[in-house]
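Residue strings, one per chain:
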Amino acid sequence: MRGKLLPLAGLYLVQGMPYGLQSCLLPVLLRAGGLSLTRVGLAKVLYTPWLLKLAWAPLVDAQGSVRAWLTRSTAGLGLVCGLLAGLPPPGAGQAGLPAAVAGLLLLLNLGAAVQDVALDALAVQLLEPAELGPGNTVQVVAYKLGAALAGGALLALQPTLSWPQLFLLLAATYWLAAALAWAAPALRRLPQPAPSKQRPHTAHLLRDVLAVPGTLWTAGFVLTYKLGEQGASSLFPLLLLDHGVSAPELGLWNGVGAVVCSIAGSSLGGTLLAKHWELLPLLKSVLRIRFGGLACQTALVFHLDTLGASMGPGTILRGSALLSLCLQHFLGGLVTTVTFTGMMRCSQLAPRALQATHYSLLATLELLGKLLLGALAGGLADGLGSHPCFFLLLALSALPIMYLGLAPSTFL
């Protein structure tokens, strides 16, 4: 199993780098180059290819091997980074992101989204059912480490690395990963796909994907299982900021602390699955614990507004609030790994010619579910008030627990 997990870890590590690059590193570089906050925010439009993965997932299924797609897309990412190294960085006084830089960053996202489809399909084909727990731990942990390296470590090196040096370093990393994807013995042993006779019509393709046992139930679960958690994780740090917790301290606990706790939770999830814990009972237990944690966080939100409540340094309330942040990220990492294992188990039931499309559908719905409440939570809090909003988020976090009662036998 180690021969499979090590190359997967390396590839998922580089898969997380574009997210860290554009969510943490690029905004700082653009702002330092003199772009307005509005222009920096508009750069997130470049994420659009990630929402269109289903457009090319059928191509990954129908044309060539996933190993070839993975190698070419990873090498292409290196080429784009090399081209970015040859362009001047955004400078002071510019009205927006230079067109050439914006175009290459869009290509970077397109290549990363294709790589994501190919790598997930490869993992579905490569891992045996007993290896899904450790495999999904590697997926989640390595991706988060890659994002942290590109967004944090490279940002720390930014004063000593110029724009060309930064992107040449990223290019070299991608080319090494492409060589790994092509040469890793475990990946070379994957069976070659049968030649496709005819590309199916889109409507027929969707019908065939939805006909895979357990797909409709799994799609509903991944769309809803993060609603309450995601809304709370977006709002709670901002409420702490409003009540006197400093931005640097909040950055430490909700940044570094959150990543560490999330990785620890993901690792525990993989360990429990590797010790032959049943998927459904484990998921039920974790979701109930998460509900209890969110109930405690809701109680803290109410207590923050009581007369005489103090968030001063060293107070029990301050410590409880910060520990609540870390606990929710720990449980979030745990439930994510277990859920991704269920997603891969469901996709393994699909015919090999549909597996990339099937998993991409589930992954896209999972992403939409997380984005939905993350984007709407602020508006709900402004419109309803923080107390009713957290009650609503608590109710939403109870929905997946009840939904598990309808789980099909394929999810057991």
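Treat the numbers as computed from the prediction; the structure is a model and nothing was measured. (Residues numbered from 1 in each chain as written. Predicted model: local features only at pLDDT ≥ 70, side-chain atom pairs only at ≥ 80, totals over all residues. Heavy atoms only, no water.)

J.: Can you help me understand the overall build of the protein chain in this one?
T.: Scanning the protein chain from N- to C-terminus turns up 17 helices and zero strands. Within the protein chain, buried positions represent 50% of all 412 residues. Taking contacts inside the protein chain between residues at least 6 apart in sequence as the whole, the part at least 24 apart equals 86%. Summed over its atoms, the accessible surface of the protein chain is roughly 18,000 Å², and 70% of this surface lies on carbon and sulfur atoms. (Helix = DSSP H or I, 4+ residues; strand = E, 2+ residues; numbered from the N terminus. Buried < 20%, exposed > 50% of the residue type's maximum accessible area, 1.4 Å probe, protein only. Contact = heavy atoms within 4.5 Å. Areas by Shrake-Rupley, 256 points an atom, 1.4 Å probe, with all protein chains shown as cover.)

J.: Where do I start with the environment of I263 in this structure?
T.: With respect to the helices, strands and loops of the structure, I263 is situated in helix 13 (residues 247–274). It is 8.4 Å that separates the C-alpha atoms of I263 and L334, two residues lying 71 residues apart in sequence. Sequence-distant contacts of I263, defined by excluding residues within four places in its chain, comprise V141, K144 and L145.

J.: Can you help me understand the packing of helix 5 (residues 66–85) against helix 8 (residues 163–183) in this one?
T.: Between two packed helices, the angle of one axis relative to the other and the distance separating the axes together describe the packing. Between helix 5 and helix 8, the least distance of the axes is 7 Å, while the angle of their chain directions is 165°. When the axis of helix 5 is compared with that of helix 8, the two are roughly antiparallel. By crossing handedness, the relation of helix 5 to helix 8 is classed as left-handed. Looking at the contact of helix 5 with helix 8 residue by residue, the class counts come to 20 nonpolar, four polar and one charged. (Axes fitted to C-alpha atoms, helices over the stretch in contact; angles between N-to-C directions. Parallel < 35°, antiparallel > 145°, perpendicular 65-115°, else oblique. Left-handed = near helix turned anticlockwise from the far one by under 90°. Nonpolar A, V, L, I, M, F, W, Y, C, P; charged D, E, K, R; others polar.)

J.: So what exactly am I meant to see when it comes to the pattern of salt bridges here?
T.: Any two side chains of opposite charge can pair, given that their charged atoms come close. Following the criterion strictly, the structure yields six salt bridges and no others. Across the salt bridge formed by K53 and D116, the nearest N and O atoms sit 2.5 Å from each other. Placement of the pair is K53 in helix 4 (residues 53–62) and D116 in helix 6 (residues 99–126), with a sequence separation of 63 residues. For K53, a relative accessible area of 6% translates into the label buried. By relative accessible area, D116 is classed as buried at 7%. In this structure, the salt-bridge partner of R290 is E229, at a minimum N-O distance of 2.8 Å. Residue R290 is found in helix 14 (residues 279–304), and its partner E229 is found in helix 12 (residues 227–242); the two are separated by 61 residues along the sequence. The residues R290 and E229 share a single accessibility class, namely buried. (Salt bridge = Lys/Arg side-chain N within 4 Å of Asp/Glu carboxyl O.)

J.: I tried to follow the nonpolar core on my own but got confused; where do I start?
T.: Nonpolar side chains tend toward joint burial in soluble globular proteins. Core analysis: the biggest nonpolar cluster contains 83 residues, and L8, F167, F221 and M344 have the highest contact counts within it. Residue contributions to this core peak at 15 residues, all from helix 6. Here this core gathers at least three residues from each of two domains, domain 1 (1–199) and domain 2 (201–411). Of all hydrophobic cores here, the second largest spans 24 residues; its members include V245, L322, A381 and L394. (Core = buried A, V, L, I, M, F, W, Y, C linked by side-chain atoms within 4.5 Å. Domains from an automatic or database assignment.)

J.: Help me understand the packing of helix 14 against helix 15 (residues 316–347) in this model?
T.: The N-to-C vectors of helix 14 and helix 15 enclose an angle of 155°; their axes lie 9 Å apart at closest approach. One way to sum up the angle between helix 14 and helix 15 is to call them roughly antiparallel. Considering only the axes of helix 14 and helix 15, their crossing is left-handed. Of the residues contributing to the contact of helix 14 with helix 15, the split by class is 17 nonpolar, nine polar and two charged.

J.: Sorry if this is basic, but what is going on with helix 15 here?
T.: Count 3.6 residues to each turn of an α-helix, and residues three or four apart come out pointing the same way. Across its 32 residues, helix 15 extends 46 Å between first and last C-alpha, which sits within 8% of the 46 Å expected from 1.5 Å per residue. Most of helix 15 sits inside the fold, with 24 of its 32 residues counted as buried. (Expected span 1.5 Å × (residues − 1).)

J.: I tried to follow the packing of aromatic side chains on my own but got confused; where do I start?
T.: When we look at a pair of aromatic rings, we describe it by the centre distance and by the angle of the planes. With the rule as written, the count across this model stands at seven aromatic pairs. With a centroid separation of 5.0 Å and an interplanar angle of 5°, the aromatic rings of W217 and Y403 are classed as stacked. One end of the pair, W217, is in helix 11 (residues 215–224); the other, Y403, is in helix 17 (residues 386–403), with 186 residues separating them in the sequence. You can call Y403 partly exposed: its relative accessible area is 23%. Aromatic pair F302 and F391: ring centres 5.4 Å apart, planes at 70°, arrangement edge-to-face. Residue F302 is found in helix 14, and its partner F391 is found in helix 17; the two are separated by 89 residues along the sequence. Here F391 falls in the partly exposed class, since its relative accessible area comes to 48%. (Phe/Tyr/Trp six-rings, centres within 6.5 Å; stacked < 30°, edge-to-face > 60°.)

J.: What is the right way to look at the UniProt feature "transmembrane region" (unreviewed entry) in the protein chain in this model?
T.: The residues that UniProt annotates with the feature "transmembrane region" (unreviewed entry) are residues 163–184, 316–338, 359–379 and 385–406. Within residues 316–338, the helical portion is 100% and the strand portion 0%, while the C-alpha atoms at the span's ends are 33 Å from each other. Helix makes up 82% of residues 385–406 and strand makes up 0%, while its end C-alpha atoms are separated by 33 Å. (UniProt positions renumbered as here; feature names shortened; annotations may be inferred.)

J.: Sorry if this is basic, but what is going on with the side chain of T137 here?
T.: By the secondary structure assignment, T137 is in helix 7 (residues 132–157). Looking at T137, its side chain comes within polar contact range of the main-chain oxygen of S266, at 3.3 Å. Leaving out residues up to four positions away in the same chain, T137 has contacts with A142, S266, S267, G269, G270 and T337. (Polar contact = N/O pair within 3.5 Å; in protein donor to acceptor, adjacent residues only side chain to side chain.)

J.: When you look at the confidence of the model for the protein chain in this model, what are you seeing that I'm missing?
T.: For any part of a model where pLDDT is low, the fine detail of the predicted coordinates should not be relied upon. Overall, the prediction assigns the protein chain a mean pLDDT of 82, with 84% of residues at 70 or greater. Predicted confidence in the protein chain is weakest over helix 3 (residues 37–42), with a mean pLDDT of 62, and strongest over helix 11, with 93. (pLDDT = per-residue confidence, 0-100.)

J.: Teacher, can you tell me more about a nonpolar patch on the surface here?
T.: On the surface, L51, L52, L223, L368 and L371 cluster together into a nonpolar patch covering about 420 Å² of accessible area. Looking at the secondary structure, you find L371 in helix 16 (residues 355–384). A relative accessible area of 45% means that L371 is categorised as partly exposed. (Patch = residues over 30% accessible without salt bridge, like charges linked within 9 Å, V, L, I, M, F, W, Y side chains within 5 Å.)

J.: Please clarify how the environment of C389 should be interpreted in this entry.
T.: Following the sequence through the fold, C389 ends up in helix 17. When its relative accessible area of 0% is taken as the criterion, C389 is described as buried. In this structure the C-alpha to C-alpha distance between C389 and G378, which are eleven residues apart in sequence, comes to 9.3 Å. Excluding anything up to four places from it in sequence, C389 contacts L235, A377, L380, A381 and L384.

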